[in-house]
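# Architecture at a glance
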Amino acid sequence: MRTFIIRARKGTTRWERVRSQIGAREHFEVVAHSVINAFFVSNGFREDVEVYIVLDSSEDFPRTIKLSGGEGLSIAGFYEEAVLLLVEKALKDSHGLQKDETLTLAPGLQISGFGFERLVANLLETRPVYLLDRKGEDIRTTELESNPVFVLSDHLAMPKNSIKGLKRRGLKAVSLCKKMLFASQCVVLLNYELDRAGF
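No experiment lies behind these values; they were computed from the predicted model shown.

Take the packing of helix α3 (residues 116-124) against helix α4 (residues 160-168) next. The contact between α3 and α4 brings their axes to 11 Å, and the two run at 15°. Here α3 lies roughly parallel to α4, going by the angle between them. The two elements α3 and α4 meet at a crossing, and its hand is right-handed. In contact with Phe116, Glu117, Val120, Ala121 and Leu124 of α3, α4 contributes Ser162, Ile163 and Leu166. A class-by-class count of the residues in the contact of α3 with α4 yields 6 nonpolar, 1 polar and 1 charged.

Below, the structure is given as structure tokens:
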């Protein structure tokens, strides 16, 4: 399994506001494009991939949506609208979700009432977690461990304070290149590097 965490720092937890964040200052299209590039290949769908979308912008607590190809996830197509429908469904169908609660809404679709730090800390207990950082170690000289998790942010930089503690717990920084890339481009390159390395 390969896992991508997309932290949407301005991502809304209100289903009726999701579409208004496309092409706006929240740039939710970054999330949609990342999901598409994570799962779809020509004439195929990656079942060995899961994506966590962390929605930080909330009036109470963040939400984390899990999309899992290995658990029967179905996405209508490789276009923005299909991803938006999935995110809207997760938020709408989980009305009343309690903090720290997890609900399974459909095959391959879960939502949890917690955010980034909790998610990464949980994953670090059993899996190697890598932060995409242009100052990190070149991914081609890094001995990646099996079942890797990759952490990416949307158009906003990851807060330094939220990373420091996780690095002390084992989060490793890796780099694809020295240029700042879109998260959706990073997902394509990560899938390529993992395919190339035989993961």
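Take the layout of surface pockets next. Considering only enclosed or pocket space, the largest pocket measures out at about 780 Å³ in volume. Lining of the largest pocket is provided by 26 residues; of these, Leu132, Asp133, Arg134, Met158 and Met180 occupy positions nearest its centre. The biggest single contributor to the lining of the largest pocket is strand β8 (residues 129-138), with 5 residues. Here the second largest pocket is characterised by a volume of approximately 380 Å³. In terms of lining, the second largest pocket is formed by 20 residues, of which the most central are Thr13, Arg14, Trp15, Glu59 and Arg63. Elements supplying a minimum of two residues to the lining of the second largest pocket: β1 (2-12) and α2 (80-93). Classifying every residue of the lining of the second largest pocket by side-chain character gives 3 nonpolar, 8 polar and 9 charged.

Under the counting rule described, the total for this entry stands at 5 aromatic pairs. Connected via pairs of aromatic rings, a cluster forms that spans Phe39, Phe40, Phe45 and Phe78.

Here the focus is the sheet that holds strand β5 (residues 63-68). As summarised here, the arrangement of the 8 strands in space is β6-β7-β5-β4-β1-β9-β8-β10, forming an open sheet in which the pairing is mixed. Of all strands in the sheet, those bounded by a partner on one side alone are β6 (102-106) and β10 (172-175). Each strand of the sheet is rotated relative to its neighbour by a mean of 30°, with strand direction disregarded. In this sheet, strand β9 (residues 149-153) lies alongside β8 in parallel orientation, the contact comprising 3 bridges.

All right, on to the pairing of β6 then. With 4 bridges joining them, β6 and strand β7 (residues 109-112) adopt antiparallel strand pairing. Residue leucine 103 lies in a different strand from β7, and its bridge partner there is isoleucine 111. Linkage of β6 to β7, two consecutive antiparallel strands, is achieved through a turn of 2 residues, within which glycine 108 is found at a positive phi near 80°.

A surface patch of like charges, here positive, comprises Arg134, Lys135, Lys160, Lys164 and Arg168. Where the positive patch is concerned, the elements lending two or more residues are β8 and α4. The element contributing the most residues to the positive patch is α4, with 3 residues. Here arginine 168 is to be found in helix α4.

Enumeration according to the criterion identifies 0 disulfides in this entry. Between cysteine 177, a cysteine without a disulfide, and cysteine 186, which holds the nearest cysteine sulfur, the sulfur-to-sulfur distance is 7.3 Å.

The next thing to look at is the nonpolar core. Within the largest apolar cluster, 43 residues are counted, with the highest numbers of intra-cluster contacts made by Phe39 and Phe150. In this structure phenylalanine 150 touches Thr3, Phe4, Ile5, Tyr130, Leu132, Ile139, Leu144, Leu190 and Leu194, once residues within four positions along its chain are discounted. Ile5, Val129, Val149 and Leu171 belong to the second largest nonpolar core, which has 17 residues in total.

Burial of helix α1 (residues 29-39) is extensive: 9 of the 11 residues sit out of reach of the surface. Within α1, the full set of buried residues consists of Glu29, Val30, Val31, Ala32, Ser34, Val35, Ile36, Ala38 and Phe39.

This part is about the pattern of salt bridges. As enumerated under the stated definition, the model contains 18 salt bridges in all. Aspartate 195 is the salt-bridge partner of arginine 2, the closest N and O atoms lying 3.0 Å from each other. Remark: aspartate 195 occurs in helix α5 (residues 183-197) and arginine 2 occurs in strand β1; sequence separation between them is 193 residues. Residue arginine 196 pairs with glutamate 193 through a salt bridge whose shortest N-O separation is 3.8 Å. In this pair, arginine 196 and glutamate 193 both sit in helix α5, 3 residues apart, roughly one turn of the helix. Relative accessible area serves as the criterion here: at 14%, glutamate 193 is assigned to the buried category. Via salt bridges that share partners, Arg2, Arg46, Asp48 and Asp195 belong to a single interconnected network.

Conventions adopted
Residues numbered from 1 in each chain as written. Predicted model: local features only at pLDDT ≥ 70, side-chain atom pairs only at ≥ 80, totals over all residues. Heavy atoms only, no water. Axes fitted to C-alpha atoms, helices over the stretch in contact; angles between N-to-C directions. Helix = DSSP H or I, 4+ residues; strand = E, 2+ residues; numbered from the N terminus. Parallel < 35°, antiparallel > 145°, perpendicular 65-115°, else oblique. Left-handed = near helix turned anticlockwise from the far one by under 90°. Contact = heavy atoms within 4.5 Å. Nonpolar A, V, L, I, M, F, W, Y, C, P; charged D, E, K, R; others polar. 1 Å grid on protein atoms, 1.4 Å probe; cavity = no way out; pocket = protein on both sides within 12 Å on 5 of 7 lines; lining within 4 Å. Points joined across faces, edges and corners; volume = space filled by probe spheres on them. Phe/Tyr/Trp six-rings, centres within 6.5 Å; stacked < 30°, edge-to-face > 60°. Pairing = 2+ DSSP bridges. Patch = residues over 30% accessible without salt bridge, like charges linked within 9 Å, V, L, I, M, F, W, Y side chains within 5 Å. Areas by Shrake-Rupley, 256 points an atom, 1.4 Å probe, with all protein chains shown as cover. Salt bridge = Lys/Arg side-chain N within 4 Å of Asp/Glu carboxyl O. Lys, Arg positive; Asp, Glu negative; His and termini not counted. Charge placed at Lys NZ, Arg CZ, Asp CG, Glu CD. Disulfide = S-S within 2.5 Å. Core = buried A, V, L, I, M, F, W, Y, C linked by side-chain atoms within 4.5 Å. Buried < 20%, exposed > 50% of the residue type's maximum accessible area, 1.4 Å probe, protein only.

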